[in-house]
Amino acid sequence: MDWFENGWGLSLIVFLPILGALAALAIPKERESTVKQWSMLVAVVTFGLSLIVAFGFDLGAAEQYQFETNVPWISAIGANYHVGVDGISLPLLVLSTFILVLAMIYSWNHWEEPRNPKAFLILMLILGTGMNGTFVALDLVLFFIFFEVVLLPMYFMIGIWGDKSMRQIPGFGKEMPTRLYASIKFFLFTLFGSAFMLLGFLALYFKSGEFGGRTFDIPTLAAHGAAGDFASWGIAGLVFGAMFLGFAVKVPMWPLHTWLPDAHTAAPTVGSVLLAAILLKLGSYGFIRIAIPVLPEAAKDWAPTIAILSVIGIIYGSLACLAQTDVKRLIAFSSVGHMGFVMLGIATLTDVGINASIIGMVAHGLITGLLFFLAGSMHHRYHTREMSRLGGNLKLMPRLGAILSFTAMASLGLPGLAGFWGEFMALLGAFNPLDGLSVGLFRGAMVAGAIGTVLTAGYMLFMLQKVNLGEPSEEWVGHEFHDVDRYEMTAWVPLIILIVVIGFYPKVVFGATTDAVVNMVDNAYAVDSTASLDVSGS
Amino acid sequence: MIVNQFLVVAAALFSLGVYGLLVRRNAVMVLLAVELMLNAVNLNLIAFESVLRTPEALGQIFAIFVITVAAAEVGIGLAIILLIFRNRRSANVDDFNLMKL
Amino acid sequence: MSWEIDYLALLPEIVVAVTILAVLSLDLFLPRRLKYWTATVAVLGVTLAAIPLIVIWAGDARASMFDGSFVVDDFALVLKGLFLVAGYITLLMSVSYVESDRYYQGEYYLLLLCSILGSMVMASSRDLIVLFIGLELTTGPLFMLAGWRKGDIRSNEASLKYFILGVLSTAILLWGMSMLFGVTGAVQFGEISVAVDTIMAGDPDMQPLLGLAIMFMLVGFGFKVSAVPFHFWAPDTYEGAPTPVTAYLSVSSKAAGFVALFTVVYLAVPGAVTFWGPALWALAALSMTVANLAALRQSNVVRLLAYSSIAQAGFMLVPFAGAAVSGRDKLGEGLQATVIYLMIYALMNLGAFAAVIVAARRTGTAELAGWAGLGRRDPRLAVLMAIFFFSLAGIPPLAGWFAKFVMFQSVISSGGLAGGVLAVIAAINAVIAFYYYARIAKTIWFESPPEGAETFEDAPAGSLVWVLGVAAVVTILVGVLPDISGFFGRATQVLVEAAGG
Amino acid sequence: MNPLVLAAEEGAEHAVELAAGGAATQWAGLMLVSPFVAFLLIIWLGKNMKYKGGEFAVAAMGLNLVIATILFFQNAQGGILNDTHIFEIGRIGLFEGRDLVFELGWMVDGLSIMMYWVVAFVGLLVFIYALGYMHGDVRVTMFFASFSLFAGAMLILVGAPNLIQLIIGWEGVGLASYLLIGHYWEDLDNVRSGNKAFLTNKVADVGLILGAIFLGMGIGDFRFTHINEAAAAGEAGLQTVAVAGALLMFLGAMGKSAQFPLHIWLPDAMAGPTPVSALMHAATMVTAGVYLMARLFPVYQYMAGEAEILGGIITVRGLMVGIGAITLLAMGLLALVANDLKKVLAYSTVSQLGYMMTAVAAGGYTAGLFHLFTHAFFKALLFLGAGSVIHAVHSNNMTDMGGLRKDMPHTFRTFIIGSLALAGIIPLAGFWSKDEILATLDYEGYTFVFWVAVAGAFVTAFYMTRAIALTFFGTYKGHGHPHESPTIMTGPLWVLAVPSVIAGFLNVPGLEFGSFHNFTTWLAARVVPLGDHHPEAPDWGLAAIGLGAAVLGIALGWLVFGRDADTQEARDRLEIPVLYPLLRAKYFMDHIAWAIVGFTMGPAARAMNWVNTYILDGIVNGVGAITMALGRFVYGGVDQRGIDGFFNGVAMASDAAGSAMRKLQTGRVQQYAAGFMVGALVLVAAVAIFR
C-alpha cells in the first residue's frame, strides 16, 4: 500500500469516477442494469478508497497534508499536479464520495424523463471527479480545473432532466422552459465568478514571483501569506475581491445567490442533492483553503463585508422561504440562509468560526441533501410541489412524513442533530472575531444570525404544517401512495444516522478539522499563543 | 525633391482607386479601381527607389512582383465576375446581399 | 551574404510543390471516375511533407537562405507544422464533401495545396517581398475556392465579397509596405528593424510616415485575421463558401495572417511598438466585444462560427496586445500565449467544423433550429459537438481552457493598467461567449427533436470519423495535459529574442 | 468497571472531582440514556405490544426512579457534594491551553438530584397514567416515543454539566413538546398550537443561545462549575458579559417557563393529550427556566443581580422580580375566566411559575426551588385529575361538566387535595413552599411584590374553588353518563396526593430529619456556595397573611359559585366591566403577538421574495436582456448596417461630400469596404493625433 499512501491513493479517488465513466461509455445503452451496476461499483469503490484514506489519516498530524503527490504538470505555466488532504479537506472528501454513492442508490429506480440512465450516470461520475478533485487540489490551476469540471455535467443534468414546466421570466417577454433558464443561469453565474477568480489566481502567481519564484502551489502561497509577503501589496484587496466573486457565487452569498433557487428547483432530484450537498461547498472551501491563508490581511479587510453579506443572506433567505409556495424552492432558499451561517463562521477568521463553517458544510450537505431527496420523492408521487395542494403527507405516507419531519428539525438547527453545531459555533465565533475586526459589528451579526434561527424554525414548521400535517386534501383521497421504497430507505438511512451521530458526537468532524484549522489561523494571523482572551467585550 | 511630387500623384491615384472601389456599381469597374490602387503602390515603390538607390534595386523588384500578382488577381477577379454574370446576368455588386440579417 | 540553398530545409515546400504538380498532371490525365486519386495524392503529399519537417525539427539544422529573406527556424517549423496539419484535416474534410457534390476535384485540391504552400512560405519569410508573395499565394486560391459551388449564388456572393475586400486589403497592405520601404530603404526585416530603431531614436520627421506605414500594414493583417473592423467579409464568406473551405479560412488563413503579423511586428518594427501596440489593443478589444455580441444573434451555425472565430481572433490578440501596450521590454511575454492559443484554436475549430459538416449533411441544414434534439437523433455526434463547442468556450478540462488560461496569464503578467483592463474585457467576453456556445448545446441536447425525425445510426464517411476522432482526442488530451502544447510556445523564443534586441 | 466510567475517564482531564459520590453517581448517566433506549425500542417494537410500547417508557422511567431515589438518599445523608462526569465530544483549540471544549455528561449535585427525582417520580406516574389514558387512542406508539424523548431530553437538560448540553436538552424538550402538542395533527389548530409553542420558545432560545455564548465565550468555559466560580470570584472584567449573559439567559428562561409576555404559548399547548400537559406543561418542562436561573444562581447573585440596566431605571434583579410578579398575578386572573378546565390549570401553572421566578430572582434560591418541588406534585395531580374528568366526559369544557363528585369519587378527592395544596392551605405542601417565598420577598425587602404575591394567593384559591365548583358540584350538563376512570389512572392520583400533602414538611424552617437534614441542606450540595438567606424558624405572621388570603379566596369563590354553580347568573357575577372583557381577551397578548408577527414577518417575507424576483433576478435577467439587446444592436445596427448610419451622419455634416457619400449606401460589399476604410482611417488618424 505504499503507493497508496505516498501519492496515488488520492489520485485514484479523484480519477476513478471519470475512468469509470469512460468505461461506461462502452456499455450499450440498452443494458441499463449493467450500466447501473458498473457505476455503483465505481462509486462504492471510490467511497471505500476515501474511507481507507480517512482511516489511514494521521489525526495527530491533521494540520499537515497527507497522502500527498506533487509532480510537474504544466511546465509552461508552472502548474503542478499537487494533491493532498489535511484535516480541513478530509471530511469534505469523504462526504463527497459518500453522497455520490447515496445518489446512485437513490437513482436506481428514480429516473426523470427522458430517462437514459447511462448518460445520467456518466454525468454523475464526471461530477464525482470534479468534486473530489476540488477538495484535494493543492495547486491553484488544478483547483480551478476541478472547480470548473463540475459545471458541464450539472449544466446537462439540469438542462436535460430538469423541470419540464414553462415559466414566465421577469424581464423577458415570453415564457421559457424552467430548466433552460435555470441551467444557463447556473452556468453563466458560475463562469462569471470563476473568470474573475482566475484573474485573482494569476495575480497571486505573478506576485509570488517577487518572493522566490512564481508558483501556483497553494501551500507555498499560504506560506507567503503567513510570512506577510502579501501584506503590503497594494492590490491585495482587489485580488481577494476577484477570488471572492468566484467563491461567493458558488456558495452562494447574497446577492449573488439568485441562480440557486432556480437551479435547485429545476434540477432533477439527484442533481439538486449533489448541488446542495457538495457543489455549494466548493465555494466556501475555496475561502478556507485559498483566499484566507494566502491573503490574510486582505481577508481581514473583507471580513466585515463578508459578515454583513452573510447575515443579510441568513435573514433574507429565511424570509424569502416564508413566502415560497413551492416546496423545493423553499428548500433551495433555505440553503441561502444556511450557507450564510457557514460564511459568517469564515468571516470571523477564528478557529472557532472556521471549524463551525466546516461542520456547517458537512451538516448542510447531509441535511439539505436529504431534504432534496425527500422533495424529489414527494414530487415523484404527487406530481406537484405546490404546498397549497399538499397536506396530510404524514397520513398518506407515514414513513416519508416522519423522515421529512426529522429532516426539517435537523435543518432548523435542533441541538443534538448535525445542523446545530454549524449555526451555534458560527455565532460563537462571531462573539470574538479575530483581533482587529470590529467586535461590535460581529456581535451585531451574531444577534442577527440568532434571530435568523427563529425565522428558520418558522419556515420549517410552516412547511411541515402545510405539507405533512392536517388532513390530506380532497385531491388525494382514494389515491394509492407507495410509502418509502427500499432504495429510498437505503439512501436515506445513512444520512439520518450521520445527522444524529454528528449531532451528538461532532468530534467525528472536529477531530479532523481542529488542528488543521488552528494551524491555519495561527499561521495566517501569527496569533500570539500566550495572549489572553479578551473578555471585556471592548 | 522630385520624389514628393511622385508621392503626391501616387496618393492621388490611390485615393481615386479607393473612391472608385467604394462607389462604382459595376464589378468590372471595381476591379479596375483596385488596379489603380496597386499601380499607385508601384509608383510609390519606383519613386522611393529613385531616391534610395538600393544596391539590389529592391523597389523595382518589388514593383515587378506587384505587377505580376496584380495580373493574377485580375485574372481571378474576372473569373469570379464571369461566374456571377453567368448565374445572375448581372455584374452589379448591389445585387449581392443574400446573406443579410 | 549567403546565396546557398539548403535543400533539406526547403524540402517540405518542395514536397508540397511536387504534389501540386502531380495533382495537376493527374487531373489532366485521369478519367473522371478516377479523379478521386487526386485527393489521395494530395493527402499523401501533405503527409509526406511532414516527414522532412519532423526531421529538421528533430535535428538542429536551422537555415537562413536568400540573404536572410527565407529562414527556417523553430518558429517557422512549428507554424509550418500547423499549416500542414490544418491542411491535412481540411483535405480530409473535403474528400466526402467534394466528392458527393461532384465538384471539380482536381482543381479543388490543386488550389488548396497552393494555399497551403503559400502559408508555409509565409512562415519562413523574413522579407516584405517574400511575405507578400506568400500572402497572395495563400489568399488567391481561396478567392476561387470560396466560390467553388459554382451554381450556388450564395457561394458566388461569398467569393465576390471575399475577393473585393481581399484585394482592397492587399492594396492597402502594399501601400503600407511601399511606405515602409520608402522610410527605411529596406525590405529585409532585420535591416528594417535597424532602420526603424534609428528613426525612433532620432528622426522625428520620419516618425509619422513610419506610423502611417505600420497602420496601413496592420489593416492588411487585420483583414487576414478578420479583426473588427476589418472582419465584414467573414460572416458572409463563411456562410456561403463550401464548409471545408470555411474551416480552412477560419484556421489556416487566419493563422497565416497571424504569422505575417508576428513576423512583421516582432522582426521588422519592434522599435515602433508605441505605434502598433495601442492599435492592436483596440483591435483586440473591439473584436472580442463586437463579435461576441453579434454572435448572440445568429441562427445559422456556420455564421455563428464565423463570429466566434472573429471573437477568438480578438482573444488571440489579447496577450500580444497586452504585452505591446506595456512597452518593448514586455514584448516577449505575449507571443507565446498567442501562439499556443492559435494552435489550440486551430485544433478545436477544425473539429467543430468537421462536426458541423456532418450535422449539416445529416439534417440538411446549418440553421440551428433544424438541429433541435440532435442529441437524441445522433448522440455520438452531439457529444463530439459539445466537446468542440465547450472547448471553444474554454471550459476545463477541454483544451480551450488552457488557451484562455495562458491568455489571461500573459496579459496579467505584462501588467499595467491597459493590460488589466483588457483582461477584464476578455473575462466578460468569455462569459458572453459561453452563452452562444451553450445555446448550441441547448438546442441539440435540451430540445426535443421534431416529430418523426429520423435517427442516425450509421457512421459518417471514414475520413470525417478520423478527423473528428483525432480532433476530439487531442482536444481532451491537450486539456488534461497542456504541457504537450508547451513546445509551440517555446518555438516563439526566436522571435522574442529578435524583438527584445 | 462499567462502560460509562470508562467513557468518563476518557475525558478525565476535564472532569471535576470525579466519583466523589461512589457507584451511584457513576450509574446516574444511565438515567440520561435509558429514555432514548426506550425511544428506540418503542419505535422498533412498540406497535405490536399490548400498550403499544408504553411498557418500555414505563420501564425506563422506573429504572430512573430507582437510580434517582438512591441518589436522593445518598445526597440527603450528605454523601454527595458535587460529582461531574464528562466526556468530550468536541474540542476546538482556541488558544494554547485554553481549548474550547464541548462535552456531554452528567452532573450530580443537590440541585440536579432534586430535579432527577422529580422528573423520574412524576414522570413515572404520568407514564403509568397515560397507559390507561391513551388506551385505544391514535398513534399511541408515537405518543410514548415522544414522551420518552421528552423524558430523555429533560434529564439531559437537568443533568447538563455545561451550557452546551443544557441547550441540547432544552431544545430537545421543546421538540418533544412540539410533537406532543401536535399529537392530533389532523386538526390544524393543534398544529398551530405546536408551532406557536415552538416558535415562542425559539424566540426565547435566541436569548439562551446568545446568553450561553456571552457567558461561555466571555468566561472562556461553558461548564457551570467554572462559570459559577468565575462569578463568585467576581472579576471586574467580567461584569459586562455577565450582565449581558444573565439578561439573555433570563430571556431564554422566560420562554420556557412561560413568563409574561412570552407565556402565550402555554395555554395553547393544552391541545396535547392531558398526560402531556401534566408532565411537561405543569410539572417538569416549564420549570426548566427556573432551574436555569437556579443553576446560574451565582451569576445573578454575585455579578449581574445589582447591575443597573436601561439607563439606571431598574436593576437586573428588579426586572426579573417584576416580570415574575406580573406573571403570577396577571396569569392568575386569567384563570378566573377560563372555561376550559385545562386552561384554568394552565394559567395557574404560569402563575405559579411566576412565583418561582420571583423567588429565585429575589434571591430565594431554596424558596423558588422548593415551590418547584412541591408544585410538581400537586399540579401533576391536578392535571391528571382533570384528565380523568375529561376522559370521562369527553370534553375540556367546564360547561359540559358539573356534579361529578358522586360519579368520580377518587378523582374528586384527589382533586380537592391538589387544589388545597395549590391554594396554600396548611399543612399541605403548597402552604409551606408559598410561605417560604413570601418570607423571602419580605426578607429581601420587596414589599410591593410581597403584596402582589399575597393577592396572587387569593386569586389562586378563588379560581381553584371556581373550577371545583363548576366541575364537581351542581348538576351534570354533559352527554352520556360519566364513569370513574380505571385504577391505572386513579392509582397515580393517589400516589401523587401523598407528596402533595406531606412534601411541605421537608423544608419547614428549623425542622430537620436527623441525618437526612432537610431540603435546604440537600440543595446546598453544590460547588459554589450561594449565600442565600435561610430563616431559622417559620415566620408565622407572614404565614398567616398568606393563609388568610387563601382562605378568603376559597370563601369568596364558594360564595360566588358554590351553591348554584350551574346557573348562568353565577358566571355573570364575575363579568365586571372592563376587567372581564380584558381577561377574556387574555390581555390581547395573542392579538399583539400575531399583530407583530403578521405585520412584520408576512410583508417582510413577501418583500424579500419580491426583491428576489424583481430586483436581484431582475438585475440578472436585465443584464442578460441588455446583453442580448446589445447583441441585436451590434449585429443588426452596426455590423450589418451601421456603416450606413455612420455615413448618413457624415453626409449630413458635410454637404459637399453628401451626394457622393450617399452612393456608398448602395451595395453591401461596398458598405463593407467603406467600413474597412473607416477602420483604416481611424488607425491612421490615431497615429496623427497621438504622435
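That block above? That's the structure.
Residues numbered from 1 in each chain as written. Chains lettered and ligands numbered in written order. Predicted model: local features only at pLDDT ≥ 70, side-chain atom pairs only at ≥ 80, totals over all residues. Heavy atoms only, no water.

Asker: Quick rundown of helix α12 (residues 274–283) of chain D? Include the residues and the values.
Answerer: Of all the ten residues making up α12(D), ten are buried; the element is thus mostly covered by neighbouring parts of the structure. Check the buried side of α12(D) and you find it contacts α5 (110–133), α6 (140–159), α7 (163–181), α11 (265–268), α16 (341–362) and α17 (365–393) of chain D. (Buried < 20%, exposed > 50% of the residue type's maximum accessible area, 1.4 Å probe, protein only. Helix = DSSP H or I, 4+ residues; strand = E, 2+ residues; numbered from the N terminus. Contact = heavy atoms within 4.5 Å.)

Asker: I'd love a proper account of unusual backbone geometry, names of residues and values included.
Answerer: Note that the residue after W254(A), namely P255(A), is joined by a cis bond; omega there is -5°. Residue position: P255(A) is located in the loop between α9 (236–250) and α10 (259–266). Here the amide bond leading from P396(C) into P397(C) is cis, since omega sits at 0°, within 30 degrees of zero. You can see P397(C) is positioned in the loop between α15 (379–393) and α16 (400–413). At R53(B), a position not held by glycine, the phi torsion is positive, near 55°. Residue position: R53(B) is located in the loop between α2 (27–52) and α3 (58–88). Even without being a glycine, H394(D) presents a positive backbone phi close to 55°. The topology assignment puts H394(D) in the loop between α17 and α18 (404–407).

Asker: So, the arrangement of the chains: which residues are in play, and what are the values?
Answerer: Contacts are most numerous, across the five pairs of chains in contact, for chains A and D. Separated in space, chain A and chain B share no contact, their closest pair of C-alpha atoms being 22 Å apart.

Asker: Would you mind going over the interface of chain A and chain D in detail, with residue names and values included?
Answerer: Facing the 68 residues of chain A at the interface are 59 residues of chain D. For the pair chain A and chain D, the summed buried surface comes to about 5,600 Å²; carbon and sulfur atoms form 74% of the total. For the pair chain A and chain D, the interface holds one salt bridge. If you tally residues by element for the side of chain A that touches chain D, the top one is helix α18 (residues 439–467) of chain A, at 13 residues. (Buried area = accessible area lost by both parts, 1.4 Å probe. Salt bridge = Lys/Arg side-chain N within 4 Å of Asp/Glu carboxyl O.)

Asker: Which residues make up the packing of helix α6 (residues 151–161) of chain A against helix α7 (residues 178–208) of chain A, and what values go with them?
Answerer: Each pair of packed helices can be summarised by the angle the axes make with each other and by the distance between the axes. Residues and elements named next belong to chain A. At a minimum axis distance of 7 Å, the contact between α6 and α7 shows a crossing angle of 165°. In terms of orientation, α6 and α7 fall into the roughly antiparallel class. The chirality of how α6 crosses α7 is right-handed. The residues of α7 that touch α6, namely those facing L151, L152, M154, Y155, I158, G159 and I160, are R179, L180, A182, S183, I184, F186, F187, T190 and L191. A per-class count over the contact of α6 with α7 returns twelve nonpolar, three polar and one charged. (Axes fitted to C-alpha atoms, helices over the stretch in contact; angles between N-to-C directions. Parallel < 35°, antiparallel > 145°, perpendicular 65-115°, else oblique. Left-handed = near helix turned anticlockwise from the far one by under 90°. Nonpolar A, V, L, I, M, F, W, Y, C, P; charged D, E, K, R; others polar.)

Asker: Let's hear about the nonpolar core: which residues, and what values?
Answerer: Formed by 714 residues in total, the largest nonpolar core has its most connected members in F156(A), L274(A), L295(A), W276(C), F390(C) and F102(D). Among the elements that take part in this core, helix α13 (residues 331–363) of chain C stands out by supplying 21 residues, more than any other. Three or more residues apiece are contributed to this core by two domains, here domain 1 (4–396 + 406–506 + 527–598) and domain 2 (603–690) of chain D. Setting aside its immediate chain neighbours within four residues, L295(A) contacts L204(A), F230(A), W233(A), A236(A), V239(A), F240(A), M243(A) and I290(A). (Core = buried A, V, L, I, M, F, W, Y, C linked by side-chain atoms within 4.5 Å. Domains from an automatic or database assignment.)

Asker: Please give an account of the pattern of salt bridges that cites residues and values.
Answerer: Going through the model one piece at a time under the given rule, you end up with 25 salt bridges over all chains. We note a salt bridge from E210(A) to K207(A), for which the minimum N-O separation is 3.0 Å. Under the relative-accessibility criterion, K207(A) is labelled buried at 13%. For E157(C), the salt bridge is made with K161(C), and the minimal N-O distance between the two is 2.6 Å. Of the two residues, E157(C) and K161(C) both sit in helix α6 (residues 153–184), four residues apart, roughly one turn of that helix. The pair formed by E157(C) and K161(C) is uniform in burial state, with each residue classed as buried.

Asker: Account for the environment of I156(D), naming residues and giving values.
Answerer: Structurally, the position occupied by I156(D) is in helix α6. Assessed through its relative accessible area of 8%, I156(D) is described here as buried. Dropping the residues within four chain positions of it, I156(D) is found in contact with F504(A), L32(D), F36(D), Q165(D) and G169(D).

Asker: How would you sum up empty space enclosed by the protein? Please name residues and give values.
Answerer: Scanning all chains against the criterion turns up 18 cavities of 30 Å³ or more. One number sums up the size of the largest cavity: a volume of about 150 Å³. Lining the largest cavity we find 14 residues, and of these F144(A), E148(A), L191(A), G394(C) and A430(C) sit closest to its centre. Every element with two or more residues in the lining of the largest cavity is listed here: α5 (140–149) and α7 of chain A together with α16 of chain C. The volume enclosed by the second largest cavity comes to roughly 120 Å³. (1 Å grid on protein atoms, 1.4 Å probe; cavity = no way out; pocket = protein on both sides within 12 Å on 5 of 7 lines; lining within 4 Å. Points joined across faces, edges and corners; volume = space filled by probe spheres on them.)

Asker: Would you mind going over the packing of helix α8 (residues 218–227) of chain A against helix α11 (residues 269–294) of chain A in detail, with residue names and values included?
Answerer: Residue and element names in this part refer to chain A. Where α8 meets α11, the closest approach of the two axes is 8 Å, and the angle between their N-to-C directions is 35°. Residues I218, L221, A222, G225 and A226 of α8 form the contact with α11, whose own contacting residues are R289, I290, P293 and V294. Looking at the contact of α8 with α11 residue by residue, the classes come out as seven nonpolar, one polar and one charged.

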